[in-house]
Amino acid sequence: MVEGGGASPEVGRDRRYRRARGELASTLTPARSAHSSLTPPSLGVSAQGRTGSRAGARKTPQAGGVRWLSRRDVVIDHADVVIIGGGATGIGLLWDLSLRGLDVILLEQAGLAAGTSGAFHGLLHSGMRYAGTDRRTAAECLEENALLKKVAGPFVKDTGGVFCRLDDDDPGWERRWLDGCREVGLRPKPFARNSLLSAEPSLSARIVSAYAVPDAAIDGFGLLWSLVWSSAAAGARVYFRARVTGFLTDDAGVRGVTVVGLGGTEEEALQSAPAFPAGTPGPAPEPGAAFGEVTAPVVVNATGPWARETAALAGSAAASAVPVEQDKGVMLVFNARLVSRVVNRLRPPADGDIFVPHGPVTILGTSSGLVRGDERPAATPEEVCLVFEQGQALVPGLGLAAPLRAYAGVRPLLRACGSGGEPGRRGGRGFLLVDHGEAGGAAGLVTVAGGKFTTFRAMAQAAGDLVCRLLGKNVPGRTAEVGIPRLRRHPAGTRYAGEPAAGGRGRTGSERDSSRARPARLDGALACDCELVDLAHAMSLLDEGLGLADLRRLLRVGMGGCQGVFCSPRLAGVLWQAGWPGSRQRPRPDGPAILAETASFEQARMAGMKSTQWGAQARLAALAEAFDELTLGEDSRAGPHAGVTKQ
Ligand SMILES: Cc1cc2nc3c(=O)[nH]c(=O)nc-3n(C[C@H](O)[C@H](O)[C@H](O)COP(=O)(O)OP(=O)(O)OC[C@H]3O[C@@H](n4cnc5c(N)ncnc54)[C@H](O)[C@@H]3O)c2cc1C
């Protein structure tokens, strides 16, 4: 639950909050001195009737839902388990624990899959890529590949895959790779060279041998949104723009977290988050406001590449139990389906050696290089050139395709395992599960990190088993049996009780009454021509409280050939005409809020275009810049496209 809404006065809310806290006995102390002035509520005692309870104590029923926090919101909540991090690992665990019937809260500092899980290659690995280097991960991927094709079928495009050796690749590696495959029960089928070249005419004639493998493409955004909504329907609470700043502890260990609402657009939240030095709590509440507190007997750190920094908030012993390195990878998106199946180069894992077809585009990746936790990953021109040049060996006509954009993600790699135990590409792809109580650190804190998107379900199941053991519950996991439906529309009943229904985020009654009616010409119109997205459908999701970044994830708005050049100004215009109320932080239907949301959406799209300015793409960027000036006005000169073409 969140105290106060976007529209009520901040001071009144804060006073209520302080009064509620003052009436409670304090049994907890925040782990970090930065929060030592807090007197958090004791567990099992209701704060304004809003908190839940520890196992066995009185429990207030909670409504499940998804909520985006403003800078003024103060969360006071309690559950069986708190999960930090809304990527594949955290959301997978949310689903696992919800299916086991536990009361769960997830806190994510930005938006859905805003970290690595929103910037990956989209490959459901068969495991064969790791057959020559990391056989345990290879076996895990093989098992999960088969399982996810069953339970997450609507999100998997079973394209199949192929490994190809070029004439100058080491034949010794092919033998080692085949041995590795056999050892873990993988059976790559030889693919006749000529059949392959007629099935995939864009591939190089320099291919000397090839093997078919069960690789596939996976829609990570669609899958994770469905898991969030399904979990919310089962009672889970998900808070976005909710940055965890420290741990609450008592004599027995960790008993909850302190939280700050970051507010703003997703782009603003993402830009501000990495600016906090690694291992420090991050932002303070607004002047006069307070930290939120979410308590639970078990807290799970599922912050992926930032897992070590998050553990450090509980002390240096907890941090040293989490040997996670951050390894950046860069990917290039091309505007055509260059291949119809996943194509891998048969050589030791290296740069630019995998093509994954996704809908009308193809993604080429990736590179590898260690980075620091407080850097926001971005694709540099050097990395883009490296990936492009390497990719040309497999697809010689690559230079004729238009590169739509480049993007970067950060792998959570394990330093202490994998072949050689070295960071970077030779670091471990396996996953880490730490019970910090046993590791000599903070009891009640669990860390789950590393792994692959492909293995997120297995990671969640292992973490779920550990959480149940710590809670003294004997409930088996069910994620291997329960199918995940594709939710095309926001299901009714998953928003918070008290949230506005269709009509917008956080509007008051009078604002709702005065809102303008939808223009009739919305019917049948398109929001995005490239991806054929129905405008009325897009508007209905915005009415439910989602932002433009969510439309991109759910409906692929702005992900097609024009990369948002035409659809973002169109959406801005329609939002204004239709009376969209703007974000919860700016509850009035004002132009600046709509422009901020639109600019944030374009900024995310255009950040990736900056390093792919050649050929047709350079012309598209020039068009985007001119379009901004025409549609968004003078201010656009300082906006996201400004200067793109001059680079
Ligand atoms: C370039 C690249 C390509 C890849 N391709 C593939 C692939 O094709 N197939 C595959 O299977 N795997 C792939 N992977 C690996 C896979 O993407 C990751 O292993 C997986 O997405 C990690 O998920 P996660 O939830 O652990 O981390 P993340 O997705 O990064 O989630 C962690 C979340 O924690 C949040 N967070 C951090 N600190 C806080 C805080 N203090 N408070 C609140 N929230 C916080 C972050 O905002 C973030 O959203 C790839 C990785 C990279 C880098």
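Residues numbered from 1 in each chain as written. Predicted model: local features only at pLDDT ≥ 70, side-chain atom pairs only at ≥ 80, totals over all residues. Heavy atoms only, no water.

Student: Kindly report on the nonpolar core, identifying the contributing residues and their values.
Tutor: Grouped together as the largest cluster of nonpolar side chains are 74 residues, with contacts concentrated most on V81, I83, L112, L223, V300, L551 and V557. Residues contacting L223, with those up to four places away along its chain left out, are A152, F155, I218, F453, F456 and I484. Of all hydrophobic cores here, the second largest spans 28 residues; its members include L197, L203, F355 and A406. (Core = buried A, V, L, I, M, F, W, Y, C linked by side-chain atoms within 4.5 Å. Buried < 20%, exposed > 50% of the residue type's maximum accessible area, 1.4 Å probe, protein only. Contact = heavy atoms within 4.5 Å.)

Student: So what about unusual backbone geometry? Which residues, and what values?
Tutor: Here the residue pair G365 and T366 is connected by a cis peptide bond, since its omega of -5° sits within 30 degrees of zero. Tracing the sequence through the fold places T366 in the loop between β21 (361-365) and β22 (369-370). Positive phi is not limited to glycine here, since A113 has a value of about 50°. Take A113: it is sitting in the loop between β6 (104-107) and β7 (123-124). In this structure A113 comes out as buried when scored by relative accessible area, which is 3%. (Helix = DSSP H or I, 4+ residues; strand = E, 2+ residues; numbered from the N terminus.)

Student: So what's going on with the sheet that holds strand β12 (residues 216-218)? Which residues, and what values?
Tutor: Within the open sheet, the three strands sit side by side as β7-β12-β8. Their pairing is antiparallel. The sheet is open, and its two edges are formed by β7 and β8 (156-157), each paired on a single side. Of the strand pairs in this sheet, β7 and β12 are connected by two bridges, and their pairing is antiparallel. Pairing of L123 across the sheet is with A217, part of β12. (Pairing = 2+ DSSP bridges.)

Student: Break down the pattern of salt bridges for me, with residues and values.
Tutor: For the structure on display, the rule yields 23 salt bridges. Note that D96 and R100 form a salt bridge whose closest N and O atoms lie 2.6 Å from each other. Neither residue differs from the other here; D96 and R100 are each classed as buried. Note that D529 is salt-bridged to R570, the shortest N-O span being 2.7 Å. In this pair, D529 sits in the loop between β26 (526-528) and β27 (533-534) while R570 sits in helix α15 (residues 567-578), placing the two residues 41 residues apart along the sequence. Here the salt bridges share partners, and the residues they tie into one network are D167, D168, D169, R206 and R345. (Salt bridge = Lys/Arg side-chain N within 4 Å of Asp/Glu carboxyl O.)

Student: Please provide a residue-by-residue account of helix α2 (residues 88-99), values included.
Tutor: Helix length check: α2 (twelve residues) gives 16 Å between terminal C-alpha atoms against 16 Å at 1.5 Å per residue, within 8%. Burial analysis of α2 places twelve of its twelve residues in the buried class, which makes it a mostly covered element. Among the residues of α2, A88, T89, G90, I91, G92, L93, L94, W95, D96, L97, S98 and L99 are the ones counted as buried. Following α2 by one or two positions, G101 has its phi on the positive side, about 85°. (Expected span 1.5 Å × (residues − 1).)

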